[in-house]
Amino acid sequence: MLDGVTLDQFRTFVAAADEGSFSAAGRRLGRAQSVVSQTLANMEGQLSVKLFGRSGRVPVLTEAGRALLPYARVVAGNVDVFKARARGLAEGLEAELSVVVDVMLPTSILTHAVAEFSIQFPDVPVRIYVEALGAVLQLVLDETCAFGIVGTLPDVPNRVLREHLMEVQVVPVASPSHPLRRLPAPLTITDLSQHVQLVLTDRSNLSRGTEIGVVAAKPWRLADLGAKLAFLKAGMGWGGMPLHIVQADIDSGALVILDVVEMPKRGAWVPLSAAFKADAPPGPAGRWLIERIKAQAGKH
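No experiment lies behind these values; they were computed from the predicted model shown.

**Q** It is not clear to me how helix H6 (residues 134–141) should be interpreted in this structure. Could you clarify?
**A** Counting along an α-helix, one turn takes 3.6 residues, and residues three or four places apart therefore face a common direction. With 7 of 8 residues buried, H6 is to be regarded as a mostly interior element. Burial in H6 covers these residues: Gly134, Ala135, Val136, Leu137, Leu139, Val140 and Leu141. In the core, the buried residues of H6 are packed alongside strand S3 (97–102), strand S4 (126–131), strand S5 (147–150), strand S6 (160–174) and strand S11 (268–277). Glutamate 143 sits one or two positions beyond H6 and adopts a positive phi of about 65 degrees.

This is how it looks when you write it as C-alpha cells:
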C-alpha cells in the first residue's frame, strides 16, 4: 500500500502539522475539514502508522508523525523545485551554465558576480573554466562554454560578438634581486631583451605564431599565471603581470615595477570583453551573469 501514497497526502500532512488543526489546514489548502481528515486517515491506513493523535480538542502529532514529518517536507519541497525547474527550462533557462574566464579577470569580480548568481538562479549549476589568451575563445567556439571573458587577441572571428567589460592594468615586474635592477634607470627595451622574459603561453592554436608583448630573444613560456608569479619572485626572469595580482608583492618588496623608457610609467591596460557566438548567444542566466560582471567591474 505504500506505493499508493500520493503527493496530495504529503502536502496535506505537512499543512496539518504546520497549522495545528485540520480545519486550519483545510483553509490553507482550500478544502473542507472533512476532506483533510479523510485524506490523512487514508494516508495513515496506507502507511500502517498513526500520524496524529485525535483524543484531544486538536490533533497532535504522534511520535511517528514527528519522525516522518521532515521526510514529508522534503518530498513536497522537491516536487515544487522540480516544477519550478521544468518551468524555467520551458522558458529557455539554461540547464547548466558553463563559462570560461581569462586569468587576467580579477577573482573578486568573478566571485561576487557568481555569488549573486547563485541566489538569483539557485537551481542552475555553474561550471567555471580559467584559461589564457586563445584558449578562452576556443572553449566558446567549440560551444563548451556559453560565453567567455577574453583579453587581448590578434584575431577574433566575425562570428563572435564581444561586449567590453573593463580594463586590467598590466605592469612589468621583476624580483629586486634580478640583474635588471643593477642597471641605471630608466631601462630600455634593449636592456629587457637581453634577459629571460616570462611569458604566458596559449594552450590553443588561435594565437600560434603571434607574439604579444614579447621582446626577449629567448622567452620562457608558462601556461599558468601562478607559476609565472612564482618564477618572477624567484628572480628567474621578468615579465608583465596584472597589477591587482602583484600589488601585495610590490607593497612588501617581493617584486618591483620596472621603469622602462618605451613603456607607460604604470604599464599597459588590457581590455577584457564578454565573448559569445552570434548564432548561440547566452540564455537568460548567462545574460544575467554578464550584466552582473559588468556591474562588479564598474565598482572595481
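**Q** Explain the pairing of S4 to me, please; I cannot follow it from the model alone.
**A** Consecutive side chains of a regular strand alternate in pointing toward one face of the sheet and then the other. Where S3 and S4 come together, 6 bridges link them in parallel fashion. If you follow serine 98 over to S4, its bridge partner there is arginine 127.

**Q** Explain the side chain of glutamate 163 to me, please; I cannot follow it from the model alone.
**A** Turning to its location among the elements, glutamate 163 is positioned in strand S6. Its relative accessible area of 19% is what places glutamate 163 among the buried residues. There is a polar contact of 2.9 Å between the side chain of glutamate 163 and the side chain of lysine 294. When near neighbours in sequence (up to four residues on either side) are disregarded, glutamate 163 contacts Leu272, Ser273, Ala274, Phe276, Arg287, Ile290, Glu291 and Lys294.

**Q** What is the right way to look at the layout of surface pockets in this model?
**A** The computed volume of the second largest pocket comes to approximately 210 Å³. Residue composition of the lining of the second largest pocket, grouped by class: 7 nonpolar, 3 polar and 4 charged.

**Q** Even after reading the chapter, I still don't get the confidence of the model for the protein, so can you show me in this structure?
**A** With 92% of its residues at a pLDDT of at least 70, the protein reaches an overall mean of 87. Put simply, helix H4 (residues 63–90) is where the protein has its lowest mean pLDDT, 76, and helix H9 (residues 243–252) is where it has its highest, 96.

**Q** Mind showing me how you'd approach helix H5 (residues 107–120) here?
**A** When the terminal C-alpha atoms of H5 are compared, their 20 Å separation across 14 residues agrees well with the 20 Å that a helix rising 1.5 Å per residue should span. All of the buried residues along H5 are Ile109, Leu110, Ala113 and Phe117. Each buried residue of H5 lies within a common arc of 90 degrees when the element is viewed along its axis, so the set occupies one face. Of the residues in H5, the exposed ones pointing more than 90 degrees away from the buried face are Thr107 and Ile119. Buried residues along H5 sit against S3, S4, S6 and helix H10 (284–299).

The rules we used
Residues numbered from 1 in each chain as written. Predicted model: local features only at pLDDT ≥ 70, side-chain atom pairs only at ≥ 80, totals over all residues. Heavy atoms only, no water. Buried < 20%, exposed > 50% of the residue type's maximum accessible area, 1.4 Å probe, protein only. Helix = DSSP H or I, 4+ residues; strand = E, 2+ residues; numbered from the N terminus. Contact = heavy atoms within 4.5 Å. Pairing = 2+ DSSP bridges. Polar contact = N/O pair within 3.5 Å; in protein donor to acceptor, adjacent residues only side chain to side chain. 1 Å grid on protein atoms, 1.4 Å probe; cavity = no way out; pocket = protein on both sides within 12 Å on 5 of 7 lines; lining within 4 Å. Points joined across faces, edges and corners; volume = space filled by probe spheres on them. Nonpolar A, V, L, I, M, F, W, Y, C, P; charged D, E, K, R; others polar. pLDDT = per-residue confidence, 0-100. Expected span 1.5 Å × (residues − 1). Arc of directions from axis to C-beta.

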